[in-house]
Amino acid sequence: MPTVDEVLAHVGEFNFFQKQTFLLLALLSASFPPIYVGIVFLGLTPEHRCRSPGVAQLSRRCGWSPAEELNLTVPGPGPAGEAFPRQCLSYEVDWNRSGLDCVDPLAGLAANRSLLPLGPCGHGWVYDTPGSSIVTETRDPSGPRQFNLVCANSWMLDLVQAAVNVGFFVGSMGIGYIADRFGRKLCLLLTILINATSGVLMAVAPTYPWVLLFRLVQGLVSKAGWVIGYILMTEFVGLSYRRTVGIAYQVAFTVGLLVLAGAAYVLPHWRWLQFAVTLPNFCFLLYYWCVPESPRWLLSQNRHAEAMQVMRHISRKNGKATPAALQCLRPDEEVGEKLNPSFLDLVRTPQIRKHTLILMYNWFTGSVLYQGLIMHMGLAGSNVYLDFFYSALVEFPAALLIVITIDRIGRRYPWAGSNMVAGAACLASVFIPEDLQWLRVTVACLGRMGITMAYEMVCLVNAELYPTFIRNLGVLVCSSMCDIGGILTPFLVYRLTGIWQELPLVIFAAVGLVAGGLVLLLPETRGQTLPETIEEVENLRRYELTFPHVLLPTGSRPALGQEEGKMREDVDLTPHRESHSHRVRPESTEKEPESKKDIAGEHLLLSQCGGAL
């Protein structure tokens, strides 16, 4: 009875059908960046000052230039360390009074301007921008109030991005069940429809609460749709192409970043930009006729006739003959022994507990630094469009470096090094003067490349550090810290810059350097099969320390617990339900690059990234 992978070996593992499907789903991946990091442009905060009634009329009467009006009527920047008083405070002066002088209108009111009373902006703000954003949101006088997400209301902008990540967190929790229960294709189409509809409704939302609600809905379904597209694509290709297709799918995300920068430059008004990045999603509904259901999922639901029909469609598209054994198609893995993992299994034994804590911290770090560096660039960059474009470009060499290093150098050292590079780049940026803008951009791009590599490496390694029966649970728990970090990041960036512009970079540097050091405490997993038992995980680090220069090829690890002729006895490796940990796999008789379970675990992890690249 052949499996899907065995049939694909005859009808084509990556031929015309798979290439066509990949291109279609790659467009879906490229549409995700406007939701993931679109706040950089949708929530762009321009230079602003209090609107003072009468100032515009006085300026016209006196013939002031914009610079003269600013110098004569707006408070100065204030003492060092004080957060932008000229943006949030105004002179409590009646600018409509007739006795004001055009040379120095405030001279007759006080000997020194510092003695004049200051008050909050009671009549709104003036924004120095040719476009608009969620922050500014200009309206007609007869319409609803402006958003004005500045000064005392600036935290409301943080909440917009936090709502997206709350949606990511909640949506990811349910995506596994929904996709497994109702099918990949149906879930994909539903998430596309809800995402597109809520995106359009956000573009026409009349008030801030509606913007927040529709952004939350987009978060609930957009990452879920991205993950489903990833899973669907990897289930159509053969075993030897899955890693390559997975990386290419995330490279499409990087292409989306570049397109987003160009669209934001052409469309400086946030509502038009939101329309432009949302409306193409409706075209993805055409995938109902272009992308079939996953044959692997159909087999898991005992829908054999439909699975065989999909496989015949793939063979016709690829110009291959349908194998006669297709009638006996079976799932890739037979249902075997069932175990009921619990959260306690993630912290029950010393090595797995260490893995869990370090992986959770690195997921959190990857999200905070990746999103945080992008948001901080939007606040500090001289040209946010070019800086965003340049920093996105470095994600291409980051993906290439991952492909080159993971099978030659290993996972641990490139992972640790990329975290440290990101942290060091953040720290170096603090001390680079503003007049060396080219150097600041270069160092920022280096940091972006480092955290992109680190983010992708944690996706890859997480599955390799847990035994089979708790692998899915370990992935879910650890990767949830990614969305928790995303919820906190906007508050870290936007609130801390109000204290000191470079303070977020100092925090990012410390977090990244610590993450790099912690990675060195993990075992190297290059050349190792995915562990099946708790005992194997507990002995990973011990074997590496005993034989530091020995690289075990896949399937050739000696029976764990028997190195040096003795069994490890200082750790209770038995789960509280049954003695699963004492079941040792037979050694493989042939050397394969990756087993089916290796690939399945790796793809589960990569799907949790939600667009790390």
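Now for a look at the structure at hand. Source: prediction; values computed, not measured.

**Points about the overall build of the chain**
Part 1 of the reasoning: A tally of helices and strands in the chain yields 25 helices and 4 strands.
Part 2 of the reasoning: For the chain, with 613 residues in total, the buried portion stands at 54%.
Part 3 of the reasoning: Looking at the chain as shown, the accessible area adds up to about 26,500 Å², and 64% of this sits on carbon and sulfur atoms.

**Digging into unusual backbone geometry**
Part 1 of the reasoning: If you check the backbone angles, N148 has positive phi at about 45° while not being a glycine.
Part 2 of the reasoning: Relative to the helices and strands, N148 resides in the loop between β4 (125–127) and α8 (155–182).
Part 3 of the reasoning: Unlike most non-glycine residues, C151 shows phi in positive territory, near 55°.
Part 4 of the reasoning: Residue placement: C151 occurs in the loop between β4 and α8.

**With respect to the packing of helix α18 (residues 384–393) against helix α19 (residues 395–405)**
Part 1 of the reasoning: Where α18 contacts α19, the axes come no closer than 4 Å and their chain directions differ by 15°. Taken together, the axis directions place α18 and α19 in an arrangement best described as roughly parallel. Taking contact as the criterion, the partners of S391, A392 and L393 in α18 are, on α19, E395, F396 and P397.

**Some details on the state of the cysteines**
Part 1 of the reasoning: Following the criterion strictly, the structure yields 3 disulfides and no others.
Part 2 of the reasoning: Residue C88 pairs covalently with C151 via a disulfide, S to S 2.0 Å. Around the S-S axis, the bridge from C88 to C151 shows a dihedral of about -95° and counts as left-handed. Placement of C88 in helix α7 (residues 85–88) and of C151 in the loop between β4 and α8 is noted, with a sequence separation of 63 residues between them.
Part 3 of the reasoning: By relative accessible area, which is 22% here, C88 ends up partly exposed.

**Quick look at the pattern of salt bridges**
Part 1 of the reasoning: Per the counting criterion, the structure on display carries 12 salt bridges.
Part 2 of the reasoning: R271 is the salt-bridge partner of E137, the closest N and O atoms lying 2.9 Å from each other. Taken together, the residues span a long stretch of sequence, with E137 in the loop between β4 and α8 and R271 in helix α12 (residues 270–278) at a distance of 134 residues. Exposure class is identical for E137 and R271. Each is buried.
Part 3 of the reasoning: We note a salt bridge from D407 to R411, for which the minimum N-O separation is 3.5 Å.
Part 4 of the reasoning: Taken together, the shared-partner salt bridges in this structure form one network comprising R49, E69 and D128.

Calculation notes
- By convention here, each chain's residues receive numbers from 1 onward along its written sequence.
- Side-chain atom pairs in this predicted model are given and counted only at pLDDT of 80 or more, local residue features only at pLDDT of at least 70, and totals for whole chains, interfaces and linings cover all residues.
- Note that the side-chain values use all heavy atoms of the structure and ignore hydrogens as well as water.
- The way it works is that DSSP assigns letters per residue, a run of H or I at least four long becomes a helix, a run of E at least two long becomes a strand, and they are numbered from the N terminus.
- Categorising residues by exposure relies on relative accessible area from a 1.4 Å probe, with only protein chains included: less than 20% of the type maximum marks a residue as buried, more than 50% marks it as exposed, and the intermediate range marks it as partly exposed.
- Each accessible area value is a Shrake-Rupley result obtained with a 1.4 Å probe; residue values ignore everything except the protein chains displayed when judging cover.
- Interaxial angle, 0 to 180 degrees, is taken between N-to-C directions of lines fitted to C-alpha atoms, where a helix line uses only the stretch in contact.
- We call two directions roughly parallel when the angle between them is under 35 degrees, roughly antiparallel when it is over 145, roughly perpendicular when it lies between 65 and 115, and oblique otherwise.
- The contact criterion used is simple: two residues touch if any of their non-hydrogen atoms lie within 4.5 Å.
- Counting rule for disulfides: a pair of cysteine sulfur atoms within 2.5 Å.
- For this analysis, a salt bridge means a side-chain nitrogen from Lys or Arg found within 4 Å of a carboxyl oxygen belonging to Asp or Glu.

Coordinates in, geometry out; function isn't part of it.
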